[in-house]
Amino acid sequence: MTAMVFTVMSASLLGSVHCAGMCGPFCGVAVGATGGSRGGVRLHAAYHLGRLATYLVMGAAAGAVGSLLNLASTLAGLQPIALAAAGGLMVLFGLVELARVKRVKIPGARLRPPAAITRLLQAGQRYASRQHGVPRALTVGLLTTLLPCGWLYAFVVTAAGTGGPLPAMLVMTAFWLGTLPVLLTLGVSVRRLAGAFGQKLPVVTALALIAVGLVTLSGRSSLSASTLTTAVVADAADSPESVPDASELPACCRQRLEAD
Amino acid sequence: MSVATDKTTTAAAELHACDHCGLPVPADLVDSAASEAASEQFCCAGCRTAYEVIHGCGLEEYYRLREHTAEAGQKATGVGDRYAAFDAQPFIDRHVSQTAGGYSVIDLRLEGVHCAACVWLVERLPTLLRGVADARLSLTTCSVRVVWDAGTTTLSQIAAALDRLGYAPHPARDTSARDARLATERRQLTRMAVAGALAGNNMLIAIALYAGAFEGIAAGHATLFRWVSMALGIASLAWPGATFFRGAVAAVRSGVSSLDQPIALALGVGAAAGTANVLLNRGDVYFDSLSVLVFLLLVGRYLQARQQRWASDAVGMAVSLTPETCRVVRGEQVSIEPVEALAVGDVVEVRSGDTFPGDGTVVRGSSSQDASLLTGESVPAPVGVGDSVYSGAVNIGGVLRVAVTAVGEHTRVGRLQRLVVEGLSTRTPLVQFADRIGRWFVMVVAIAATINAAAWWLTAGVSAAVDTTVALLIVACPCALGLATPLTMGLAIGRASRGGVLIKSADLFERLACVDKSNPGRLLLDKTGTLTRGEFEVVEWLGDADLITVVAAAEAGSNHPIAKALVRYANDSRNSTPADEREWPVDLEEEHGFGLRCTIAGKRFLVGSTDWVRGQVKEYDPALQPELHRQGGLTEVAVACDGRLAALARLRDQPHGDAGGVIEWLRSAGWRPEVLSGDHPETAVRLASDLGIATDQTHGGLSPEGKLAFVNASVSDDPHNKKRPAVVMVGDGVNDAAALAAADIGIAVSGGAEAAMAAADAYLSSPGIEQLVALVKLAKRTLRTARRNFALSLAYNVVAGGLAAAGCVTPLVAAVLMPLSSATVLASAVSGVSAWRPERNLQD
C-alpha cells in the first residue's frame, strides 16, 4: 500500500503540470480576485479542501465499486480481480496515450463528453461567480471533480483497484497531495514548467500512468501472497491429516527424547 | 479494445498547443479540420469542456490575462492591484526620474531585507521581469535602485514582482531607512518571542515524555503529550517558522535558488516524519526539536542581520563625513537628535568645530565654513545670514543657526556618498565568482541531502535519515559563503573612508593588489601638488638685494604660490625692510600666468617669468647676463626696474615629506614610477632625480591634454595583450581629471573630493602620495582577507556538511553552528581589514 501511495503521489506531482493548465483558470477564479496574503491562504485552503472533498467522495465510490468487483469475482470462484483490472487499465491508458502521441489512430479520439456535464459545470460556475471569498473558492473546488479529466479518472480507477473505500480514499488523497505544489504556486506559468519537459510532456505523463499501473499490478502479486496463505489455511481445514498435532512433539525431537 | 495501426501519412503536422491548458496536443488528437480553420485544439476532452465552461461563463478574460502574464514570466496573483497606484502619473512625476538613455529610474525602500542572500535575489530582477535593465540593492539603506524601460513593463509590475520575492516596496522618498529597518526588526523580535515561547513549552513536554519513557507513563498520557507536542510544533512552523517557507516559495516562483530552501526542506521533512510518527503512535515526535530549531534559526538570523547591519553601517560614509547627531531647534529648546531624523525645514544649531548635518541656509550668526572636502578650497570661506552651507563642511568660528534645505542622500556630500555606495555594488570578479558558486551551492546541497537521506534510510532507518538530513540541510546554509566576499570589500571601503581615503569602486582593490614584482604596474605621477607640495622656496637670489623688499611689496596681495614664496623669503631675509614699513605699490596690474607690473616709489617694476620680462626690457644687469641661460631645473623669476633687468630669483618646489621613500617602497612593491609634469622638462627631471626616478621615465612640458594623450597611449599599448601592465594615474582631481578617468585606476590626491570622485576611482584626502602606500597595502590585505574568508566559509560548509552526513551533528547543533559560521567570517573580515592603518608605514 505504501509503495502504491508513494507512486501515485509521484505520478500526480509529475503530471500536475496538466492540472495547472486545466484547473489553473478555475483556481484563479477561486483565489485570485481578492488581494492580501492572509485572505489568500483562506481562499487557497477552501478551494483545495473543496477539491479534496469531492476526490474523497469519488475515491469512496470507486473503492466501493472495487470491493463489489472483488466480492463478485470471489463469489464466481475467482481471485479478487479489482487490483489486477485497475493495474491493467492504467497500463492500457498509458499505452493508448503513447500511441496517440505517435499518431497511431485509436478510436475514441473524437469522443465528446455529454453536453449535460458542460451545462452542469456552467451552472455551477455561474453560481460560484455570484458568491464571494471562501464560499466561492469552496464551490469552485467542489466543482473541479466534474471536469471530465482523463488524468483524474485514471487515478480513480487505481483507487478502485484497492478494493475498499478507505484505501481508495487514501489513494485519492495521495493524488491530491501531488497536485498541490503546482496549483499552490501558480506564479510559475504553466508554459515555463512544461518547458522542463518540452514537447515530451504527453509522453512523460503516459509513462507515469504505465508506472502506476505496473506498481498496482505488483501490489496484486504481493496481495496474492496473502490470498495464498488464506488458501493454504482453507486447504488445511479440508485435510486435517497434514496438520501437526500441537500436543505432540515433532518427530525430530521425539527421536532425541527416545535416545536419552 | 481494437487498435487501428494505420499511421497517418499526412505531412508532419506541426505541434499544436492546447487552447485551454497550453500543453502540447497528442498528434492523434489534433483536429485537422480545426487546424486548417485555425480553430481550437484540445489535448483532452476535459480541456474542451473546461474551455466551453469558461466561454459559457464569460471568463474569456482569463486567456488574455494568461498570454499577458506568460510574457512577463509571472502570473499576477492578487498583489498586482495593490501597486496600481505606482502607475499613476502624479506618483511617477514625484518619484521617477529618467536616465540619458531613455530609461526610468526609481529608488524603492524594501521591507524584509536581511542578508547578503537578499541582494542575490533582488538583483536577479532583470532576469525575472522583461524590461528591467538593472536592479541594485543597498544593504545599508535597504533600498533598491531599479532601472527599467517604461515601454516594456510598468512600475506596478516591478513592485508586484518585488513583493512576490518577499520584499514589499515603498517609494524611498517617503520612507526613511530607519522606519523600514525598525518595522523589520519589530517583526523579527515578535517572531522570535513567539518561537521561543512555543519552543520552551515543547521542551517541557519533551522532558515529560523522556522522563516517562524511563519512569513509566500511562499510554493515554503519552499519547496526549505527543499530540500536544505536535500541535505546538505545527504552530511554531506555521507562524514564526512560516518566514522560511515564504522565502522558499517566493524563490521557487521566481525560478531561483535561495538560502531558505534547504531550511524549509529540512523543516518540512522533520514535520512530515514527526506527524507520521504521532499518527501511527511510534518512534520520536521530532516536534520538540523542530520548535527549538525554528527558535534558534530565528535568533541566528536576527544576529546575522544585526552583524551585517553593523558592518554595512561601517561602510556608510555618513558615519565618517557627516555627524551622527545634531542640535535641532524645537521651539525654545535645542535638542540633540540623530541626524537620520532631520527633515527639510528644520533649523539646526551648529557650533564652532561641528560638522554641518545637512545642506542649508544660514539664518542667524556668522562664521566661516571649511568645505575643503567638497571643493578642495583649503581657505575657509566666511558665511553670514543667507549664505549656503554644506553638509560635511566644518563650521569654524561662531555659532550658526541653519535652516536645512536638503538632508541625507540629497545633499552634496550625500551624492558623493552615493558614488561610493554604488561603487560598492559593482560586481568585482571575485564577487561574481562567489555568486556563481552560491547559485550552484543550493542545488549541490539538495542533491547531497537526497543521497544522504536515501543512504541513511536504507542502512539505519527513517529516524536517523531524518535527523542527519535535517542537520545537513541546516548546517549547509550558504549564508557565510554569500557573505564572505562582499562583506570584506565593504568593510575595507568603510575603513578606508574613515581613514580619509574615498574609494569609488571595489574593483580597485583587485586591480591594485594584482601588481607585484612578477607582474609590474605603471605608476604615472603628476608633479605639482602630487609629488611636490606646490609650495615654493627661494633658493637663490641674484642681483640687487634691495629689490627683495620691493618684490615682496608688489607680490603681497597675490595668492600665487610663487608670490607667497617671494614674500616669505623677504620676511625671513635680514636685509629687507620689515613688512609694515614697506611702500605699497600703485597701478598694479597682473597678467595671469606671466607676472605683474606696478609702480612703487615712482619707479616702474616688472616681476614675472624670465621670458616674459625679457621680452619687455632693453637692458640687462651685466652681472646677470651669464646667468640667463642656466636655469638648472629651478623655477626662475626675473625682476626689472625702469626697463632694466635687475635681479633673478630661483625657486624650488618642495617635494612632499617622504615622497622619495614612498617611491622607493612602491618600486619595491612592483610599481614602475613615471613623472608627468606640466613644468619645464628640466624642472621635472631635476625633481624626478631627487626622488630617484630616471630621466627617461620623466615627461615634462605636458599640458592636461598631453597627459591625457600619454595615458591613452599607455592604456592602449597593446590591446591584444591582456597582460599589459596596469596603468595607475595619480594626480590632481580637477586639472588631471581627464587623464585620471582614462587610466585603469585614477587616484586623485587634491582638488576636492566632489570633483575628484567624478573622474577618479579613489581620492586621498591628505596631500601627497603617502597614503598611496596605505592604499596599496589595504588592497593587498583586502584581497587576502576576502580569499581567506571565502576559503573559510567553503571549508566550513564542506566539513560541517560532512560531519552532518556522518551523523555527528544533530539538527540543534547545526542550528547553533550556522550563525556561528557567519560570525566567524565576520570576525575574520573585521580583524583582517581593521589591522590596516591609514597612516603610511613603510617599514612593515
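Residues numbered from 1 in each chain as written. Chains lettered and ligands numbered in written order. Predicted model: local features only at pLDDT ≥ 70, side-chain atom pairs only at ≥ 80, totals over all residues. Heavy atoms only, no water.

## Re the overall build of chain A
Moving on, step 1. Helix and strand content of chain A: ten helices and zero strands.
Moving on, step 2. When its helices and strands are written in sequence order, chain A yields α-α-α-α-α-α-α-α-α-α.
Moving on, step 3. When each of the 260 residues of chain A is scored for burial, the buried share is 43%.
Moving on, step 4. A total of about 13000 Å² of accessible surface is found on chain A, and carbon and sulfur atoms cover 71% of it. (Helix = DSSP H or I, 4+ residues; strand = E, 2+ residues; numbered from the N terminus. Buried < 20%, exposed > 50% of the residue type's maximum accessible area, 1.4 Å probe, protein only. Areas by Shrake-Rupley, 256 points an atom, 1.4 Å probe, with all protein chains shown as cover.)

## As for the overall build of chain B
Moving on, step 1. Looking only at helices and strands, one finds 30 helices and 28 strands in chain B.
Moving on, step 2. Per-residue burial over chain B gives 52% buried out of 844 residues.
Moving on, step 3. Approximately 36600 Å² of chain B is accessible, and the part contributed by carbon and sulfur atoms is 57%.

## Observations regarding the sheet that holds strand β11 (residues 381-383) of chain B
Residue and element names in this part refer to chain B.
Moving on, step 1. Strands sit in the order β11-β10-β13 across an open sheet of three strands; the sheet is antiparallel. At either margin of the open sheet sits one strand with a lone partner, and together these are β11 and β13 (394-396). Sheet twist, expressed as the average angle between the axes of neighbouring strands with direction ignored, equals 40°. (Pairing = 2+ DSSP bridges. Axes fitted to C-alpha atoms, helices over the stretch in contact; angles between N-to-C directions.)

## Let's talk about the sheet that holds strand β14 (residues 400-406) of chain B
Residues and elements named next belong to chain B.
Moving on, step 1. Across the sheet, which stays open at both edges, the six strands sit in the order β7-β6-β8-β14-β9-β12 with antiparallel pairing between neighbours. Each edge of the sheet is formed by a strand with only one pairing partner; in this case those strands are β7 (333-338) and β12 (388-389).
Moving on, step 2. Bridge count for strand β6 (residues 325-330) against β7 is six bridges, and the pairing is antiparallel. Looking across to β7, one finds that Val329 is bridged to Val334.

## Notes on the environment of B:Val685
Residue and element names in this part refer to chain B.
Moving on, step 1. Note that Val685 resides in helix α25 (residues 681-690).
Moving on, step 2. For Val685, a relative accessible area of 26% gives the class partly exposed.
Moving on, step 3. Distance in space between the C-alpha atoms of Val685 and Thr698 is 6.1 Å, their sequence separation being 13 residues.
Moving on, step 4. If near-sequence neighbours (up to four positions away) are discounted, Val685 is found in contact with Thr695 and Thr698. (Contact = heavy atoms within 4.5 Å.)

## So, the nonpolar core
Moving on, step 1. One finds A:Val8, A:Tyr47, A:Trp151, A:Phe155, A:Phe175 and B:Cys47 to be the most contacted residues of the largest nonpolar core, which totals 59 residues.
Moving on, step 2. Broken down by element, the residue count for this core peaks at twelve residues, all from helix α1 (residues 2-31) of chain A.
Moving on, step 3. Beyond its immediate stretch of four places on either side in the chain, A:Trp151 contacts A:Ala11, A:Ser12, A:Gly15, A:His18, A:Cys19, A:Phe175, A:Thr205, A:Ala208 and A:Leu209.
Moving on, step 4. In terms of nonpolar packing, the next biggest core, distinct from the first, is built from 50 residues, B:Val675, B:Ala726, B:Ile769 and B:Leu826 among them. (Core = buried A, V, L, I, M, F, W, Y, C linked by side-chain atoms within 4.5 Å.)

## Some details on the pattern of salt bridges
All names here are of chain B.
Moving on, step 1. Under the counting rule described, the total for this entry stands at eleven salt bridges over all chains.
Moving on, step 2. Among the ionic pairs, Arg401 bridges to Glu349, the shortest N-O distance being 3.0 Å. Remark: Glu349 occurs in strand β8 (residues 347-350) and Arg401 occurs in strand β14; sequence separation between them is 52 residues. An identical accessibility class is assigned to Arg401 and Glu349; each is buried.
Moving on, step 3. A salt bridge links Lys707 to Asp526, with the shortest nitrogen-to-oxygen separation between them at 2.7 Å. Taken together, the residues span a long stretch of sequence, with Lys707 in helix α26 (residues 704-715) and Asp526 in strand β16 (residues 521-526) at a distance of 181 residues. Exposure class is identical for Lys707 and Asp526. Each is buried. (Salt bridge = Lys/Arg side-chain N within 4 Å of Asp/Glu carboxyl O.)

## Describing the packing of aromatic side chains
Residue and element names in this part refer to chain A.
Moving on, step 1. With the rule as written, the count across this model stands at four aromatic pairs over all chains.
Moving on, step 2. Taking the centre distance of 5.6 Å and the plane angle of 55° together, the rings of Tyr55 and Phe175 count as tilted. A residue pair is termed long-range when its members are at least 10 positions apart, and Tyr55 in helix α2 (residues 37-75) and Phe175 in helix α7 (residues 165-184) qualify at 120 residues.
Moving on, step 3. Grouping aromatic residues by their ring pairs yields a cluster made of Tyr55, Trp151, Phe155 and Phe175. (Phe/Tyr/Trp six-rings, centres within 6.5 Å; stacked < 30°, edge-to-face > 60°.)

## Notes on a nonpolar patch on the surface
Residues and elements named next belong to chain A.
Moving on, step 1. Residues Leu68, Leu71 and Leu75 make up a contiguous nonpolar surface patch of roughly 350 Å² in combined accessible area.
Moving on, step 2. Along the chain, Leu68 turns up in helix α2.
Moving on, step 3. For Leu68, a relative accessible area of 55% gives the class exposed. (Patch = residues over 30% accessible without salt bridge, like charges linked within 9 Å, V, L, I, M, F, W, Y side chains within 5 Å.)

## A word on the environment of B:Asp744
All names here are of chain B.
Moving on, step 1. Of note, Asp744 is situated in the loop between α27 (737-742) and β27 (745-750).
Moving on, step 2. Between the alpha carbons of Asp744 and Val715 there is a distance of 7.2 Å; along the sequence they are 29 residues apart.
Moving on, step 3. Excluding residues that lie within four positions of it along the chain, Asp744 makes contacts with Arg511, Val715, Arg724, Pro725, Ala726, Val727 and Asp761.
Moving on, step 4. Within the structure, Asp744 has its side chain in polar contact with the backbone nitrogen of Val727 (distance 2.9 Å). (Polar contact = N/O pair within 3.5 Å; in protein donor to acceptor, adjacent residues only side chain to side chain.)

## Some remarks on α1(A)
Moving on, step 1. An ideal rise of 1.5 Å per residue puts 44 Å on 30 residues; α1(A) reaches only 33 Å between its terminal C-alpha atoms.
Moving on, step 2. Along α1(A), the largest kink reaches about 60° and is centred on A:Cys23; proline A:Pro25 follows within four residues of it. (Expected span 1.5 Å × (residues − 1). Bend = angle between axes of the 7 residues up to and from the residue.)

## Some details on the pairing of β16(B)
Residue and element names in this part refer to chain B.
Moving on, step 1. Within β16, six of the six residues are buried, which leaves the element mostly enclosed by the surrounding structure.
Moving on, step 2. Both faces of β16 are covered, namely the face carrying Gly521, Leu523 and Leu525 and the face carrying Arg522, Leu524 and Asp526.
Moving on, step 3. The pairing of β16 with strand β24 (residues 671-676) spans six bridges and is parallel. Across the sheet, residue Asp526 finds its bridge partner in β24, namely Leu676.

## Let's talk about the side chain of B:Ser156
All names here are of chain B.
Moving on, step 1. Along the chain, Ser156 turns up in helix α7 (residues 155-164).
Moving on, step 2. One polar contact links Ser156 to Asp87, side chain to side chain, over a distance of 2.6 Å.
Moving on, step 3. Ignoring any residue separated from it by four or fewer positions in sequence, one finds Ser156 in contact with Tyr83, Ala84, Phe86 and Asp87.

## Things to note about the side chain of B:Ser677
Residue and element names in this part refer to chain B.
Moving on, step 1. The topology assignment puts Ser677 in the loop between β24 and α25.
Moving on, step 2. When its relative accessible area of 0% is taken as the criterion, Ser677 is described as buried.
Moving on, step 3. Setting aside chain neighbours within four positions, we find Ser677 in contact with Lys527, Ala684, His699, Gly700, Gly701, Leu702 and Lys707.

## Thoughts on the environment of B:Asp679
Moving on, step 1. Positionally, B:Asp679 belongs in the loop between β24 and α25.
Moving on, step 2. With residues near it in sequence (within four places) discarded, B:Asp679 still touches B:Lys527, B:Thr528, B:Gly700 and B:Gly701.

## Section: the packing of α1(A) against helix α5 (residues 133-143) of chain A
Residues and elements named next belong to chain A.
Moving on, step 1. The contact between α1 and α5 brings their axes to 8 Å, and the two run at 160°. Considering their axes alone, α1 and α5 lie roughly antiparallel with respect to each other. In this structure, α1 crosses over α5, and the sense of that crossing is left-handed. Contacts between α1 and α5 involve Phe26, Val29 and Ala30 from the former and Arg136, Ala137 and Val140 from the latter.
Moving on, step 2. Across the contact of α1 with α5, the residue classes tally to five nonpolar, no polar and one charged. (Parallel < 35°, antiparallel > 145°, perpendicular 65-115°, else oblique. Left-handed = near helix turned anticlockwise from the far one by under 90°. Nonpolar A, V, L, I, M, F, W, Y, C, P; charged D, E, K, R; others polar.)

## A word on the packing of helix α17 (residues 462-475) of chain B against helix α29 (residues 770-805) of chain B
All names here are of chain B.
Moving on, step 1. Running from amino to carboxyl end, α17 crosses α29 at an angle of 170°, the nearest separation of the two axes being 8 Å. Regarding the angle of α17 to α29, the classification is roughly antiparallel. Along the contact surface, α17 presents Thr468, Ala471, Leu472 and Val475, while α29 presents Tyr796, Asn797, Ala800, Gly801, Ala804 and Ala805.
Moving on, step 2. Grouping the amino acids of the contact of α17 with α29 by side-chain chemistry returns seven nonpolar, three polar and no charged.

## Overview of the confidence of the model for chain B
Residues and elements named next belong to chain B.
Moving on, step 1. Summarising the model, chain B shows a mean pLDDT of 77, and 80% of its residues fall at 70 or more.
Moving on, step 2. For chain B, helix α13 (residues 318-321) is the element with the lowest average pLDDT, namely 51, and strand β9 (residues 359-364) is the one with the highest, namely 91.
Moving on, step 3. In the model, residues 1-14 has pLDDT below 50 throughout and makes 13 contacts with residues more than four positions away in sequence or in other chains.
Moving on, step 4. Overall, residues 70-80 carries pLDDT values under 50, and its contacts beyond four positions in sequence, including any with other chains, amount to 26 contacts. (pLDDT = per-residue confidence, 0-100.)

## Notes on helix α22 (residues 561-572) of chain B
Residue and element names in this part refer to chain B.
Moving on, step 1. Taking 1.5 Å as the rise per residue, α22 with twelve residues should run 16 Å; its terminal C-alpha atoms sit 16 Å apart, in good agreement.
Moving on, step 2. When α22 is considered as a whole, its buried residues turn out to be Ile562, Ala563, Ala565, Leu566, Val567 and Ala570.
Moving on, step 3. Elements in contact with the buried residues of α22: β17 (532-543), α21 (547-555), β22 (635-641) and β23 (644-655).

## Re unusual backbone geometry
Residue and element names in this part refer to chain B.
Moving on, step 1. One non-glycine residue with positive phi stands out, namely Ala601, at about 50°.
Moving on, step 2. On the basis of relative accessible area, Ala601 is assigned to the exposed category, the value being 56%.
Moving on, step 3. In this structure, Asp642 takes a positive phi of about 50° despite not being glycine.
Moving on, step 4. Along the chain, Asp642 falls in the loop between β22 and β23.

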